[in-house]
Amino acid sequence: MGDGSGNRWSRAEWVQQYDLLGKIGEGTYGLVFLARTKGTPSKSIAIKKFKQSKDGDGVSPTAIREIMLLREITHENVVKLVNVHINHADMSLYLAFDYAEHDLYEIIRHHRDKLNHSINQYTVKSLLWQLLNGLSYLHSNWMIHRDLKPSNILVMGEGEEHGVVKIADFGLARIYQAPLKPLSDNGVVVTIWYRAPELLLGAKHYTSAVDMWAVGCIFAELLTLKPLFQGAEVKATSNPFQLDQLDKIFKVLGHPTLEKWPSLASLPHWQQDVQHIQGHKYDNAGLYNVVHLSPKSPAYDLLSKMLEYDPRKRLTAAQALEHEYFKIEPLPGRNALVPCQLGEKIVNYPTRPVDTTTDLEGTTNLPPSQTVNAVSGSMPGPHGSNRSVPRPVNVVGMQRMPPQAMAAYNLSSQAAMGDGMNPGGISKQRGVPQAHQPQQLRRKEQMGMPGYPAQQKSRRI
Amino acid sequence: MIYTAIDTFYLTDEQLANSPSRKDGIDEATETTLRIYGCDLIQESGILLRLPQAVMATGQVLFHRFYCKKSFARFNVKKVAASCVWLASKLEENPRKARQVIIVFHRMECRRESFPMEHLDLYSKKYVDLKMELSRTERHILKEMGFICHVEHPHKFISNYLATLETPPELRQEAWNLANDSLRTTLCVRFKSEVVACGVVYAAARRFQVPLPENPPWWKAFDGEKSGIDEVGRVLAHLYSLPKAQYIPVCKDGDFTFSNKSSETKSQSTPKDVPQNSSPADTDNSVPKGAQGEANTESNGGKGAMVNVAIDKLKDSKRSDDESKGMSTEGEARDEPILKSKADHIGETRRNRDRDRDRERDRGRERDRDRDRDRTKSRDRDRGRDSDKEREREEAERDKLKDRGHRSRERAKDSGHSEKSKRHSSHDRVSYSSREKDRHRHH
């Protein structure tokens, strides 16, 4: 079986450009593998496999959407999609990403469980700075991520891009420039601990501010090494209202008021569930007590503005980058893991376990006779990728990245889309009959435009 | 402001003229007909699948983009149309099952091509093969698009433009309908959405004789260009001058059907083919059977080969007509079968259209029960307009049928107009196309 399987896979042409090392994770969409490119210099690649649905309904819409979005964007702090392979034999789809060794979840867990020490200021600031840089880029291109959480924020391992942050997992991302339907039609989004209050109260229309709330939660988690609002999710219904999560938020930030959040009255669940909400009373509410920051410090000011209840007053990513916090020492840097100051101690974070017995089909085989070196240099066993610590609760039905997300390592030119027969066959058509105004001008106009007139909603195209 | 690659799939006129289909020997008129036919399939199937119009709009744009990269001779128009509407339903977040798409396309094919209405066995090999073809074609489309399938539609801009120009409310629906019709053409791969939006706004304003400001020119405020706007009007006028698009088999690998009967029929007729190259002729024969019989009679019981030769000559004559764009110089004896063939063709077209309209009316009646919903009202209004347009077209063709002598005179007129238009300036050309459109609507 193993030999046969190996032979079969070696027939797929696109597989031959990689040395497959093993499985590093799995999720509802399929599996994630670690591989290295052949040739010099070799680099690490994470291959994310989208399996064909049982209904045989062709390419997964989530995969199409993720590829579509990642093909459109290029930024140092966003994961790089290196290639897409379509396997004709079983119609499965493989996305090749530059591999990132670390993610914020693992970094936080390492400090909490192993070092029992907080993350140093330089690293926190640099991680946040780069995350905001990538997010500002996404938002300026009308893209909402909608699933920001520590496990989706990757950090590159040793190499040319050591310590660079990469935003990953665009399965829930959307372009929200004049959407034809309310974004809430996509159902419940954002993992619950990082979900903004307007989402929890059933907002039909929301903006990129939901991403900034999640960043605020991540910032606090980097400071305290534990999730800021750790509510229990009721999964039975598709009801966006989650009393426990809101309770956790109000306990820290206090009750929202119409005075501070005027559009609160129009949120469906503020009206319907106001008795549940008002029934609780919160004493000693104060964000500074939880994160142990002086209310006068720039870090506290930045955090509190990210966790503003009113989405319209919440800080944007671009505004956050201009905040005083990033202008005081220590200044943020490109390598978030290696402080510039000589006095600080460098932390060596562990690498991900690799399950070398699983092939691209997802079948566990006996190890091949030839030795395959795992990246980590050690393998706990068939269950190496399992985690002993419980993860944040995932929303039912949402496509998820595995615990180990993927991201870029080593800059490389973006390869063309390919399948087994025609790896480099795709080329973009780009020709306009007449000269026209630059796209930038038009994009700016779009940015400045107010919301589209209400009459458009009632009309179908 | 960071520029992204979104909305970059545009071609020059030269690239369109040298399309992959042209390189495979498919002439421009045939490719145009097949593009319209494919878009008709996408639109109708979307209605049957109860998809929002945005899905059909996206599907039609993907359809046009795909055939800018691939030939109609190598990818059957019915397969691609089915996969485009299926893919668009995923992209626009209204996914439909492959089973639903196949059932709808199978039924549409039986109706449009007069195959016996049969039940599609979901456990037959035919169905499994169709499903595989749908997935395979979907992957081809994604691959050719490089997985970049963002589509921006002119509809987004129409309401804003009309509001800014402070035009009467009746222009909105007219511009909307024109934008929907523009999707059947290659305007979406030639001009940005803003230009198409300006073009349909302009055409609607001319239709209702509403003046738009020209000093300064109104289109400059909307990223439009006069030449592009004029071209939009010309292309739409040309679209409305065409008869209803019919399926034309052009695939090198033989014809494709969703239905079983046609396959069986074709396999039976295959042994009867004497010359190899007459296969397309046979396929063409199957449509107007009466014409074929008459042709046989008129040729005095000529042999099959002679009939095939004659039909080939007719085809050559048609092609040369297209090339020279002049009147046919055929003798009167040969004109007769052409006329009869057209008559039968038009009759059949009308029958098909009647059936389509009946179906639409039934659906409208069902929807009328939900009168409380605004969307339903808007939809009914829109559908009514489409029905009106079809009626206009039908009446126009009925007039043609009634007066054959008049038609020859009209042909002379058309010839004169085409000669004149070559010498006119762009402004005059606009005037010409506007007149053409008015005449079309007047009928």
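Keep in mind that this is a model prediction, so the values were computed, not measured. (Residues numbered from 1 in each chain as written. Chains lettered and ligands numbered in written order. Predicted model: local features only at pLDDT ≥ 70, side-chain atom pairs only at ≥ 80, totals over all residues. Heavy atoms only, no water.)

Colleague: Any chance you could explain the overall build of chain A here in plain terms?
Modeller: Looking only at helices and strands, chain A features 14 helices and 11 strands. Buried residues in chain A amount to 56% of all 461 residues. Sequence separation of 24 or more characterises 72% of the internal contacts of chain A that already satisfy a separation of 6 or more. Carbon and sulfur atoms provide 53% of the accessible area of chain A, an area that totals close to 20200 Å². (Helix = DSSP H or I, 4+ residues; strand = E, 2+ residues; numbered from the N terminus. Buried < 20%, exposed > 50% of the residue type's maximum accessible area, 1.4 Å probe, protein only. Contact = heavy atoms within 4.5 Å. Areas by Shrake-Rupley, 256 points an atom, 1.4 Å probe, with all protein chains shown as cover.)

Colleague: Honestly, helix H3 (residues 28-48) of chain B in this entry has me stumped. Any pointers?
Modeller: Since the α-helix advances by 3.6 residues per turn, residues separated by three or four positions end up pointing in the same direction. Residues and elements named next belong to chain B. Helix length check: H3 (21 residues) gives 30 Å between terminal C-alpha atoms against 30 Å at 1.5 Å per residue, within 8%. Taking the backbone nitrogen of Ala-29 as reference, a side-chain oxygen 3.1 Å away marks Asp-27 as the first, capping residue of H3. Downstream of H3 by one or two residues, Arg-50 has phi in the positive range, about 55 degrees. (Expected span 1.5 Å × (residues − 1). Polar contact = N/O pair within 3.5 Å; in protein donor to acceptor, adjacent residues only side chain to side chain.)

Colleague: Please clarify how the confidence of the model for chain A should be interpreted in this entry.
Modeller: Low-confidence regions, as indicated by low pLDDT, have predicted coordinates that should not be scrutinised in detail. Residue and element names in this part refer to chain A. Confidence along chain A averages 74 in pLDDT terms, with 72% of residues attaining 70 or more. Between the elements of chain A, mean pLDDT differs from a low of 29, seen in helix H13 (residues 439-448), to a high of 97, seen in helix H12 (residues 317-321). For the stretch residues 1-11, pLDDT sits under 50, and the model shows 15 contacts to residues farther than four places along the chain or on other chains. Low pLDDT, under 50, characterises residues 366-461; the stretch is placed with 264 contacts to residues that sit more than four places away or in other chains. (pLDDT = per-residue confidence, 0-100.)

Colleague: Is there a simple way to think about the environment of Leu258(A) in this case?
Modeller: Structurally, Leu258(A) can be placed in the loop between helix H7 (243-253) and helix H8 (268-272). When neighbours within four sequence positions are excluded, Leu258(A) is seen to be in contact with Leu264(A), Ala265(A) and Trp270(A).

Colleague: Would you mind going over the packing of helix H4 (residues 121-140) of chain A against helix H6 (residues 209-224) of chain A with me for this structure?
Modeller: The description of two packed helices rests on the angle between their axes and on the distance between the axes. Residue and element names in this part refer to chain A. Their axes nearest at 11 Å, the elements H4 and H6 cross at an angle of 170 degrees. Considered as vectors, H4 and H6 are oriented roughly antiparallel to each other. Each of Val-124, Leu-127, Leu-128, Leu-131, Leu-132, Leu-135 and His-139 in H4 lies in contact with H6, whose residues at this interface are Asp-211, Met-212, Val-215, Ile-218, Phe-219, Leu-222 and Leu-223. Residue composition of the contact of H4 with H6, grouped by class: 12 nonpolar, 1 polar and 1 charged. (Axes fitted to C-alpha atoms, helices over the stretch in contact; angles between N-to-C directions. Parallel < 35°, antiparallel > 145°, perpendicular 65-115°, else oblique. Nonpolar A, V, L, I, M, F, W, Y, C, P; charged D, E, K, R; others polar.)

Colleague: Looking at this structure, I do not really get a nonpolar patch on the surface. What am I missing?
Modeller: Nonpolar side chains collect at one region of the surface, where Ile103(B), Leu122(B) and Tyr123(B) lie side by side and expose about 330 Å² of accessible area between them. Along the chain, Leu122(B) turns up in the loop between helix H6 (98-112) and helix H7 (125-144). (Patch = residues over 30% accessible without salt bridge, like charges linked within 9 Å, V, L, I, M, F, W, Y side chains within 5 Å. Salt bridge = Lys/Arg side-chain N within 4 Å of Asp/Glu carboxyl O.)

Colleague: It is not clear to me how the environment of Val201(B) should be interpreted in this structure. Could you clarify?
Modeller: Residue and element names in this part refer to chain B. Following the sequence through the fold, Val-201 ends up in helix H10 (residues 193-207). Exposure remark for Val-201: the relative accessible area of 0% places this residue in the buried category. Between the C-alpha atom of Val-201 and that of Leu-171, which follows or precedes it by 30 residues, the distance is 7.6 Å. In this structure Val-201 touches Tyr-161, Leu-162, Leu-165, Ala-175 and Trp-218, once residues within four positions along its chain are discounted.

Colleague: Just checking my understanding: could you explain the UniProt feature "binding site: ATP" (unreviewed entry) in chain A for this structure?
Modeller: Residue and element names in this part refer to chain A. Using the residue numbers shown here, the UniProt feature "binding site: ATP" (unreviewed entry) corresponds to Lys-49. With respect to the secondary-structure elements, Lys-49 resides in strand S3 (residues 44-50). Excluding residues within four positions of it along the chain, Lys-49 makes contact with Tyr-29, Gly-30, Leu-31, Phe-33, Asp-90, Ser-92, Leu-93, Tyr-94, Leu-360 and Glu-361. (UniProt positions renumbered as here; feature names shortened; annotations may be inferred.)

Colleague: Just checking my understanding: could you explain the nonpolar core for this structure?
Modeller: Generally speaking, nonpolar side chains in soluble globular proteins are found buried as a group. In terms of nonpolar packing, the biggest core is built from 201 residues, with Leu93(A), Leu132(A), Phe170(A), Phe63(B) and Trp218(B) touching the most fellow members. If we skip the residues at most four places from it in the chain, Phe170(A) touches Glu66(A), Leu69(A), Leu70(A), Ile73(A), Val78(A), Val79(A), Leu138(A), Met143(A) and His145(A). Among the nonpolar cores identified, the runner-up in size contains 12 residues, and Phe33(A), Ala35(A), Ile45(A) and Val82(A) belong to it. (Core = buried A, V, L, I, M, F, W, Y, C linked by side-chain atoms within 4.5 Å.)

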